[in-house]
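# Structural description and commentary
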Amino acid sequence: MEPVTRRRFLGLTAAGTGAVGVSALGFSTAEATQVKQRLRIEGAQVKRSVCPYCAVGCSLLAYTKTENGHTELLQIEGDPDSPVNEGTLCPKGATSLQLAISKRRVPSPMYRPPGATDWQTVSWDFTLDKLAQNIKASRDRTFITQDANGNVVNRCEGIAFAGGAAFSSEEGYLAAKLMRGLGVVHIEQQARV
Ligand code: SF4
């Protein structure tokens, strides 16, 4: 007997469920599947990606369609060929389409000045300058050259850094080098949290 793989099991289950549902409506499971694909991903390009949310690193299939120079993201789902997630996604990963297309997504940096109650939309130039100024001020204020026992330590105790699970090796290397160059010792990675 042919072994039932996870992928085949899901396919059989979907087909069985569909057969019950559509036979009473007068069209076949194959026709129903065709209609579904026509509505959602017909003619779409599929690309592999990785869920950005956590260190598990589940693989995604992203379906896009380009028309009149505009590319639209149609669908994101788990990659059945990934040995990590085998086609599944947790509830958070299953909403990753919203990360790209949600109307509630904040498209620009927001800044609330000290003492203010309202947020302002600001430019990236303003944001990067502000970050650099605040990092310098914190480092100057909290950098110590010796600990309580007189040992030379040259470290900044007022800044902590947490890397993201979607960092590439190069991004992780660069971030760690930058932080250690500043004397930051509180360095963590989302994968270990
Ligand atoms: S789908 Fe869930 S478990 Fe997988 S990487 Fe994304 S957040 Fe993590």
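Residues numbered from 1 in each chain as written. Predicted model: local features only at pLDDT ≥ 70, side-chain atom pairs only at ≥ 80, totals over all residues.

Neighbouring the ligand are C51, Y53, C54, V56, G57, C58, N85, L89, C90, K92 and G93. Taken together, the residues of the shell around the ligand sort by class into 7 nonpolar, 3 polar and 1 charged. (Near = placed C-beta within 6 Å. Nonpolar A, V, L, I, M, F, W, Y, C, P; charged D, E, K, R; others polar.)

Take the sheet that holds strand β2 (residues 59-67) next. Strand order in this open sheet of 3 strands is β1-β2-β3, and the pairing throughout is antiparallel. In the strand order of this sheet, the two ends are held by β1 (45-50) and β3 (70-78), each with one partner. Recorded for the sheet is a direction-independent mean angle of 30° between the axes of neighbouring strands. Judged from the 8 bridges that link them, β2 and β3 form a sheet pairing that is antiparallel. By the bridge assignment for β3, L60 is matched with G78. (Pairing = 2+ DSSP bridges. Helix = DSSP H or I, 4+ residues; strand = E, 2+ residues; numbered from the N terminus. Axes fitted to C-alpha atoms, helices over the stretch in contact; angles between N-to-C directions.)

Now for the confidence of the model for the protein chain. On average, residues of the protein chain score 86 in pLDDT, and 81% of them reach the 70 mark or higher. For residues 16-22, every residue scores under 50 in pLDDT, and the model assigns this stretch 7 contacts once sequence neighbours within four places are set aside. (pLDDT = per-residue confidence, 0-100. Contact = placed C-beta atoms within 7 Å.)

This next bit is on helix α5 (residues 124-142). If you check α5, its first and last C-alpha atoms are 27 Å apart, about what 19 residues at 1.5 Å a residue would give, namely 27 Å. Within α5, only 0 of the 19 residues are buried, which leaves the element largely exposed. (Expected span 1.5 Å × (residues − 1). Buried ≥ 20, exposed ≤ 12 C-beta atoms within 10 Å, placed from the backbone.)

All right, on to the environment of A137 then. Within the secondary structure, A137 sits in helix α5. Taking the number of C-beta atoms within 10 Å as the measure of exposure, A137 has 11 and is therefore exposed. Here the alpha-carbon distance between A137 and G158, two residues 21 residues apart in the chain, equals 9.9 Å.

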